[in-house]
Amino acid sequence: MNPFSSGTRLRDMIKAIRACKTAAEERAVVRKECAAIRSSISENDQDYSHRNIAKLMFIHMLGYPTHFGQMECLKLIASAGFPEKRIGYLGLMLLLDERQEVLMLVTNSLKQDLGHTNQYIVGLALCALGNICSAEMARDLAPEVERLLLTRDPNIKKKAALCSIRIIRKVPDLAENFSSPATSLLKEKHHGVLIAGVQLCTDLCKVSEDASNHLRKNCTEGLVRILKDICNSPYAPEYDIAGITDPFLHIRVLRLLRMLGHGDADTSEYINDILAQVASKTESNKNAGNAILYECVETIMGIEATSGLRVLAINILGRFLSNRDNNIRYVALNMLMKAISVDSQAVQRHRTTILECVKDSDASIRKRALELVFLLVNDTNAKPLTKELIDYLEVSDQDFKGDLTSKICSIIEKFSQEKKWYIDQMVKVLSLAGNYVKDNVWHALIVAISNAPDLQGYSVRSLYKAFQLSSEQVSLVQVTIWCIGEYGEMLVNNVGVLQVEEPMTVTESDAVDVLESCLTHHSTDITTQSMCLIALLKLSSRFPPSSGRVKEIITTHIGSVVLELQQRAIEFNSIIQRHQNIKSSLVERMPVLDESTFISKRAGSSQANISTEKSNQQLPSGASLKLSNGVAKPAASPLVDLLDLSLDDTPVPTSTSNDFLHDLLDVGLTNSSSSGVASASGTDILMDLLSIGTPVQSNTTPENGSSIKAKPNTATVQVVDLLDGLASNGSHPGAQSPVHPSITAYQSSTLKITFSFTKQPDKPQVTQIHATFMNLSSEAYTDFIFQAAVPKFIQLHLDPANSNHLPASGNGRITQTFTITNTQHGQKPLAMRIRIAYKVSNQERLEQGQINNFPPGL
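What you are looking at is a predicted structure, and each value in this text was computed from that prediction instead of being measured.

Novice: Sorry if this is basic, but what is going on with the side chain of Q70 here?
Specialist: In this fold, Q70 is placed in helix α4 (residues 70-78). Accessibility expressed as a relative area gives 12% for Q70, which makes it buried. In contact with Q70, other than residues within four places in its own chain, are L95, L96, Q100 and V102.

Novice: Any chance you could explain the sheet that holds strand β12 (residues 843-851) here in plain terms?
Specialist: Pairing between the strands of a sheet is mediated by backbone hydrogen bonds and can be parallel or antiparallel. The strand order across the open sheet formed by three strands is β8-β11-β12, and the pairing between neighbours is antiparallel. Two strands lie at the open edges of the sheet, namely β8 (782-789) and β12, each paired on one side alone. Strand-to-strand twist across the sheet, computed as the mean angle between neighbouring axes with direction ignored, equals 15°. Of the pairings in the sheet, the one linking strand β11 (residues 832-840) to β12 comprises nine bridges and is antiparallel in character. Residue pairing in the sheet places M832 in a bridge with I851 of β12.

Novice: When you look at the side chain of Q529 in this model, what are you seeing that I'm missing?
Specialist: Tracing the chain through its elements places Q529 in helix α29 (residues 526-542). Exposure remark for Q529: the relative accessible area of 13% places this residue in the buried category. The contact partners of Q529, leaving out residues within four places of it in the chain, are L519, T524 and L565.

Novice: Teacher, can you tell me more about the pattern of salt bridges here?
Specialist: Oppositely charged side chains can pair when the atoms bearing their charge come close. For the structure shown, the criterion picks out 24 salt bridges. Of the charged contacts in the structure, one is a salt bridge between K75 and E72, with a shortest N-O distance of 4.0 Å. One end of the pair is K75 and the other is E72, both in helix α4 and three residues apart, which spans about a single turn. Relative accessible area serves as the criterion here: at 43%, K75 is assigned to the partly exposed category. Overall, E72 belongs to the buried group, its relative accessible area being 5%. Sharing partners across several salt bridges, the network here consists of R255, R258 and E295.

Novice: Could you clarify how one ought to interpret helix α31 (residues 563-578) in this entry?
Specialist: Residues spaced three or four apart along an α-helix face the same direction, because each turn holds 3.6 residues. For α31, with 16 residues, the first-to-last C-alpha span of 22 Å sits near the 22 Å given by 1.5 Å per residue. For α31, every residue scored as buried is listed here: L565, R568, A569, E571, F572, N573, S574, I575 and I576.

Novice: What am I meant to see in the environment of L317 here?
Specialist: Locating L317 in the fold gives a position in helix α17 (residues 307-321). Overall, the relative accessible area of 0% leaves L317 in the buried class. Separated by 19 residues in the primary sequence, L317 and L336 have C-alpha atoms spaced 7.2 Å apart. Apart from residues lying up to four places away in sequence, L317 is in contact with V297, A332, M335 and L336.

Novice: What is the right way to read the packing of aromatic side chains from this model?
Specialist: Ring pairs (aromatic) are described by centroid distance and by the angle formed between their planes. Summed over all chains, the structure comprises 11 aromatic pairs. Ring centres of F82 and Y120 lie 6.5 Å apart, and the angle between their planes is 65°; on these two criteria the pair is classed as edge-to-face. Placement of the pair is F82 in helix α5 (residues 82-95) and Y120 in helix α7 (residues 119-132), with a sequence separation of 38 residues. According to the relative accessible area criterion, F82 is partly exposed, its value standing at 28%. With a centroid separation of 5.2 Å and 55° between ring planes, the pair formed by F773 and F786 is classed as tilted. One end of the pair, F773, is in strand β7 (residues 763-775); the other, F786, is in strand β8, and 13 residues separate them in sequence. In this structure F773 comes out as buried when scored by relative accessible area, which is 0%. Judged by relative accessible area, F786 falls into the buried class, the value being 1%. Grouping aromatic residues by their ring pairs yields a cluster made of F755, F757, F773, Y781, F784, F786, F818, Y838 and F854. One residue, R38, lies across the ring of F68, its end atom 4.2 Å from the ring centre. Its end group placed over the ring of F400, R366 keeps NZ or CZ at 4.9 Å from the ring centre.

Novice: Would you mind going over a negative patch on the surface with me for this structure?
Specialist: Together, D173, E176, E209 and D210 make up a region of like negative charge exposed at the surface. With respect to the element layout, E209 can be found in helix α12 (residues 209-218).

Novice: How should the confidence of the model for the protein be read in this particular structure?
Specialist: As a general rule, the predicted coordinates of low-pLDDT regions are not to be interpreted in detail. Per-residue pLDDT for the protein averages 81, and the proportion of residues at 70 or more is 83%. For residues 1-5, every residue scores under 50 in pLDDT, and the model assigns this stretch 12 contacts once sequence neighbours within four places are set aside. Considering only residues more than four positions removed or in separate chains, one finds that residues 608-738, a stretch of pLDDT under 50, has 219 contacts.

Novice: Even after reading the chapter, I still don't get the packing of helix α3 (residues 49-61) against α4, so can you show me in this structure?
Specialist: Two elements in contact, α3 and α4, have axes whose closest approach is 10 Å; the angle formed by their N-to-C orientations is 135°. In terms of their interaxial angle, α3 and α4 are classed as oblique. Classified by chirality, the crossing of α4 by α3 is left-handed. In this structure, α3 contributes S49, H50 and I53 to the contact, and α4 contributes E72, C73 and L76. Looking at the contact of α3 with α4, its residues break down into three nonpolar, two polar and one charged.

Novice: Quick question: what am I supposed to make of the environment of L796 here?
Specialist: Mapped onto the elements, L796 comes out in strand β9 (residues 794-798). Looking at L796, the relative accessible area reads 13%, which means it is buried. A sequence separation of 26 residues divides L796 from N822, and the C-alpha atoms of the two residues are 9.0 Å apart.

Novice: When you look at the pairing of strand β10 (residues 813-822) in this model, what are you seeing that I'm missing?
Specialist: Put simply, side chains in a regular strand alternate between the two faces of the sheet. Where β7 meets β10, nine bridges bridge the pair, whose relative direction is antiparallel. By the bridge assignment, T772 is partnered in β10 with T815. The pairing of β9 with β10 spans five bridges and is classified as antiparallel. Considered in β10, the bridge of H797 is made with T819.

Novice: Would you take a moment to explain the environment of F467 for this structure?
Specialist: Along the chain, F467 turns up in helix α26 (residues 456-469). Exposure remark for F467: the relative accessible area of 8% places this residue in the buried category. With 14 residues separating them along the chain, F467 and I481 place their C-alpha atoms 9.8 Å apart.

Novice: Sorry if this is basic, but what is going on with the packing of helix α13 (residues 220-232) against helix α14 (residues 247-261) here?
Specialist: Geometrically, a packed helix pair is captured by the angle between its two axes and the distance between the axes. Between α13 and α14, the least distance of the axes is 10 Å, while the angle of their chain directions is 150°. One way to sum up the angle between α13 and α14 is to call them roughly antiparallel. The interaxial crossing formed by α13 with α14 has left-handed handedness. Packed against α13, whose contacting residues are T220, L223, I226, L227, I230 and C231, the element α14 presents L249, H250, V253, L254, L256, L257 and L260 at the interface. Grouping the amino acids of the contact of α13 with α14 by side-chain chemistry returns 11 nonpolar, two polar and no charged.

Parameters and conventions
- Residues numbered from 1 in each chain as written.
- Predicted model: local features only at pLDDT ≥ 70, side-chain atom pairs only at ≥ 80, totals over all residues.
- Heavy atoms only, no water.
- Helix = DSSP H or I, 4+ residues; strand = E, 2+ residues; numbered from the N terminus.
- Buried < 20%, exposed > 50% of the residue type's maximum accessible area, 1.4 Å probe, protein only.
- Contact = heavy atoms within 4.5 Å.
- Pairing = 2+ DSSP bridges.
- Axes fitted to C-alpha atoms, helices over the stretch in contact; angles between N-to-C directions.
- Salt bridge = Lys/Arg side-chain N within 4 Å of Asp/Glu carboxyl O.
- Expected span 1.5 Å × (residues − 1).
- Phe/Tyr/Trp six-rings, centres within 6.5 Å; stacked < 30°, edge-to-face > 60°.
- Lys NZ or Arg CZ within 6 Å of the ring centre and 35° of its normal.
- Patch = residues over 30% accessible without salt bridge, like charges linked within 9 Å, V, L, I, M, F, W, Y side chains within 5 Å.
- Areas by Shrake-Rupley, 256 points an atom, 1.4 Å probe, with all protein chains shown as cover.
- Lys, Arg positive; Asp, Glu negative; His and termini not counted.
- Charge placed at Lys NZ, Arg CZ, Asp CG, Glu CD.
- pLDDT = per-residue confidence, 0-100.
- Parallel < 35°, antiparallel > 145°, perpendicular 65-115°, else oblique.
- Left-handed = near helix turned anticlockwise from the far one by under 90°.
- Nonpolar A, V, L, I, M, F, W, Y, C, P; charged D, E, K, R; others polar.

Have a look at this one:
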């Protein structure tokens, strides 16, 4: 016999394919076999048609195209014999899917076979329909399947139930037709029919609320009876698994009860007793028992259960945490995370066990347990939990330190009630895992120290001691450098020593040694080295005897290959050598950093822009607005800006004077004026200090249009961009100019909003809008919040407002700046919806409007 003729047996073809040593040989064998099958099909060879389809199914499983055999499957299905139908239906399920139009040709054959007298042929048709049924076939054949649900044969009932699940998933409108037959299936004794019937009821609850109500009224009692029977049934070998009678049916019934009891107090009360019985009687020493217990716990948490039953469920999860099986512990942790919102106190009782899971060797369990611990923290247990986590941080794996450090820092920041505890814990974290701490965390620590004058000496001493032990932790090094630069004299003179501190002696030389070691260490980055140079410049003024040594250290970096360090070294060396008379005023201690501003900026940077859909939603009655005043764009922290380490494209905030030149000269520490012009004396000092700049005539007008008033007979110099390409007012002179008239964007009897516009010449699609809010009423507004939404083709970025308090009768203003980018500039005009929320006498008010009167060209 030809090895590639249609008469070749399936096993011979498989042997030939397996004997191939290369993919090319396999393709050749398959190609020859497919050619022989095509030839047999074209010759209408009925003797081997079933064998050809069997071969095609194997070839299909290898990934080769077999579409040419689809019609042959339909011919086999239409034949009278059972063997041919069996191969035909099997090929139909494997070679075709519901998306192919040729499938519609088999609908008539399926309808005939569903009414066949041979139960096995009926079973074949039900299996095929359950696997590849399309929506059109479901509508045509649903009555036949519904009829078969009422037959006596349990095998046919089971297959009809499974086929019904496919039908209602494809056509949910047919769900009501299957509600009554599904209810009758729950009265069967055959477990296979019961499982299929319970699953059908479950799917009916998912797709139809009416079906769910029908089942809730007619099936709850029957489901409870089924659960009682299998719980109390004697040993049944055909259903027994590890000593438990049919755990699969257990789980299916519990899942259906959860859906029926969800949100329904009466049904939940009715099934409470049986759930307590299942939870207390099921043994947990076998996997089947654990599966039932887990499903029982999930059902208890998903219905309106009593508090005692919830405690029982959470105690079961607590036992799961002590199991040796990692999978069981993992699902228990997942379930406890859901349960904590239902009964936090019951979960708190297992806190010790959960903490042990944080130290587990399995990475997935560690991570999930850490998330659960974070949810468990409250004001009463924050300190002991933080101590446990920090103790573990010291011995934790390197891969886990990042997640653990992030959670610990979040807990410390969220639940710290006293500054000293906050500083102590953060120093510990920085000492153990400073390399894993994000920048905003140690920035927040510096802000906190700046706002705690009584603890500044204690903080710098704590950091100095921690640095001696953990000098490799980058974040710890940076905070230590900043604090020594600011409070170095407190470290040397032991200022503000607390009773809990141990006495220590630090000399000026020791403080300089710390900065020198950081500056010269091989792993120190540019940011840290820049901070070291600034700190050394400050110490040269505060420690006059060490000024010469500081000058030597700074001089060594004049030839640095890093431009940033070279520039700083040259400038600072010039200050030390030539301007001793003003050095002390240049390097005075930093002003107190505004903690509330820093927190609002940090919170604002993590918020997403308000979407158009959200802006259209009305606030519910009684809801309080707790949003920040606008969405702040991500910016460098105040510390980095003050150290002049920000990126070139990061604008300096204008709400407070963070300009490096002003801070360095100790001028402009209050809010800068709207024109943003630096004082002439400060400019003179800077120009004289660095011996750069060209004298210009007094009373000149810079490019930004603001006039500088100079003293008589005193020449001023034009400010030269020294450090970051910024002018003295922190903006690019001449880069922006108003090109459109102001408009009254919104006005009511109580509020007036005015918009003025500024554009960048090189970016016509970008417009900066300055909004001014004026109160027209006789009562002051508090908690003032402005929100805006724009179409999708416009990008909106809101900066924080200068205040959230608007005085009455126009006696004050709130100003806020935001930037819009019109991606379809010149094609579509600007449009904006606004919403303003505020409080009057502690009563919330809300105003909304739409702005369509923007000037053309924006």
